[in-house]
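This is what each chain is made of:
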Amino acid sequence: QVQLVESGGGLVQPGGSLRLSCAASGSILSISAMGWYRQPPGKQRELVAAIASAGSTNYADSVKGRFTISIDVLKNTVYLQMSSLKPDDTAVYYCNAVATTMQISYRYGYWGQGTQVTVSS
């Protein structure tokens, strides 16, 4: 089983910056990828950014040039540096990890509980 602990969310003014962190723990054998999704009020959950353990990244068009995802494989931690934040970035942000554990030998997706990011003046 994998537990994902998120931190760094909160309230920020438009144009400001936040850095989200998500640390994975548990009976992890390996992590294939980690990423961030978000769910604005009244909308479906959407991919924000994802990164493979090898380093390749994928971003939603709406955040390209503003958000940067990175991963520390040794710490099993993924980061999301967010800058030039807009009110439309307001959402619950969810951490995701694709991992292999002692209990499940194949790649399986795990989710964090979500953290609120609010961009408002």
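Just above, that's the structure.
So, here's what we can say about the structure.

Thresholds, definitions, all that
- Within every chain, residues take consecutive numbers counted from 1 along the sequence as written.
- Reporting of local features is limited, given that this is a predicted model, to residues whose pLDDT is at least 70; pairs of side-chain atoms are given and counted only at 80 or more, and all residues count toward the totals for whole chains, interfaces and linings.
- Derived side-chain values reflect all non-hydrogen atoms in the structure, with water molecules and hydrogen atoms excluded from consideration.
- Should a side-chain nitrogen of Lys or Arg be within 4 Å of a carboxyl oxygen of Asp or Glu, the pair is scored as a salt bridge.
- Note on exposure labels: buried denotes an accessible area under 20% of the residue type's maximum, exposed denotes more than 50%, and partly exposed covers the range between, all computed with a 1.4 Å probe on protein chains only.
- By the criteria applied, helices consist of DSSP H or I runs no shorter than four residues and strands consist of E runs no shorter than two, each listed in order from the N terminus.
- Residue contacts follow a heavy-atom distance rule, with two residues in contact if any of their heavy atoms lie within 4.5 Å.
- The criterion for strand pairing is that DSSP finds at least two bridges linking the strands in question.
- For helices, the fitted axis covers only the stretch in contact; all axes are lines through C-alpha atoms, and the angles between them, taken along N-to-C directions, range from 0 to 180 degrees.
- The criterion for a disulfide is a pair of cysteine sulfur atoms lying within 2.5 Å.
- Under this definition, polar contacts are N or O atom pairs within 3.5 Å; protein pairs additionally need one hydrogen-donor-capable and one acceptor-capable atom, and for neighbouring residues in sequence, both atoms have to be side-chain atoms.

Some points on the pattern of salt bridges
Point 1. The full count for this structure, using the stated rule, is 4 salt bridges.
Point 2. Where Arg38 meets Glu46, a salt bridge forms, and the shortest distance between an N and an O atom there is 2.9 Å.
Point 3. Judged by its relative accessible area of 4%, Arg38 falls in the buried class.
Point 4. Measuring nitrogen to oxygen at the nearest pair gives 3.1 Å for the salt bridge that ties Lys64 to Asp61.
Point 5. A relative accessible area of 67% means that Asp61 is categorised as exposed.
Point 6. Via salt bridges that share partners, Arg38, Glu46, Arg66 and Asp89 belong to a single interconnected network.

What to know about the environment of Ala99
Point 1. Along the chain, Ala99 falls in strand S9 (residues 91–101).
Point 2. Considering only alpha carbons, one finds Ala99 and Ala33, 66 residues apart in sequence, at a separation of 7.3 Å.
Point 3. Those residues in contact with Ala99, other than ones at most four positions away along the chain, are Val2, Ser30, Ile31, Tyr106, Arg107, Tyr108 and Tyr110.

Quick look at the sheet that holds strand S7 (residues 67–72)
Point 1. Judged by pairing direction, the sheet is antiparallel, and its 4 strands sit side by side in the order S1-S3-S8-S7 without closing on themselves. Of all the strands in the sheet, the pair left with one neighbour each is strand S1 (2–7) and S7. Between one strand and the next, the sheet's axes are offset by a mean angle of 15°, whatever the strand orientation.
Point 2. With 6 bridges joining them, S7 and strand S8 (residues 77–82) adopt antiparallel strand pairing. Pairing of Ile69 across the sheet is with Leu80, part of S8.

What about the state of the cysteines?
Each disulfide consists of one covalent bond between the sulfur atoms belonging to two cysteines.
Point 1. By the definition in use, this model includes 1 disulfide.
Point 2. Here Cys22 engages in a disulfide with Cys95; their sulfurs sit 2.0 Å apart. Note on the Cys22 and Cys95 pair: the S-S dihedral is about -90°, so by sign convention the disulfide is left-handed. Here Cys95 lies in strand S9 and Cys22 lies in strand S3 (residues 18–26), a separation of 73 residues in the sequence.

Some thoughts on the side chain of Ser27
Point 1. By the secondary structure assignment, Ser27 is in the loop between S3 and strand S4 (28–39).
Point 2. Using a relative accessible area of 17% as the deciding quantity, one classes Ser27 as buried.
Point 3. At 3.2 Å, the side chain of Ser27 and the backbone nitrogen of Gln1 are in polar contact.
Point 4. One polar contact links Ser27 to Gln103, side chain to side chain, over a distance of 2.5 Å.
Point 5. Each residue touching Ser27, except ones within four places of it in the same chain, is listed here: Gln1, Thr100, Thr101, Met102 and Gln103.

Quick look at the pairing of S9
Point 1. Burial runs high along S9: 9 of the 11 residues are buried.
Point 2. Pairing of S4 with S9, which is carried by 10 bridges, proceeds in the antiparallel orientation. What sits directly across from Trp36, in S9, is Cys95.
Point 3. One ladder, built from 3 bridges, connects S9 with strand S11 (residues 115–119); its direction is antiparallel. Its bridge partner lying in S11, Tyr93 is registered against Thr115.
Point 4. Bridge analysis of S9 against strand S10 (residues 108–111) gives 4 bridges, and the strand direction is antiparallel. Residue Ala99 lies in a different strand from S10, and its bridge partner there is Tyr108.
Point 5. Hairpin connection from S9 to S10: 6 residues lie between these consecutive antiparallel strands.

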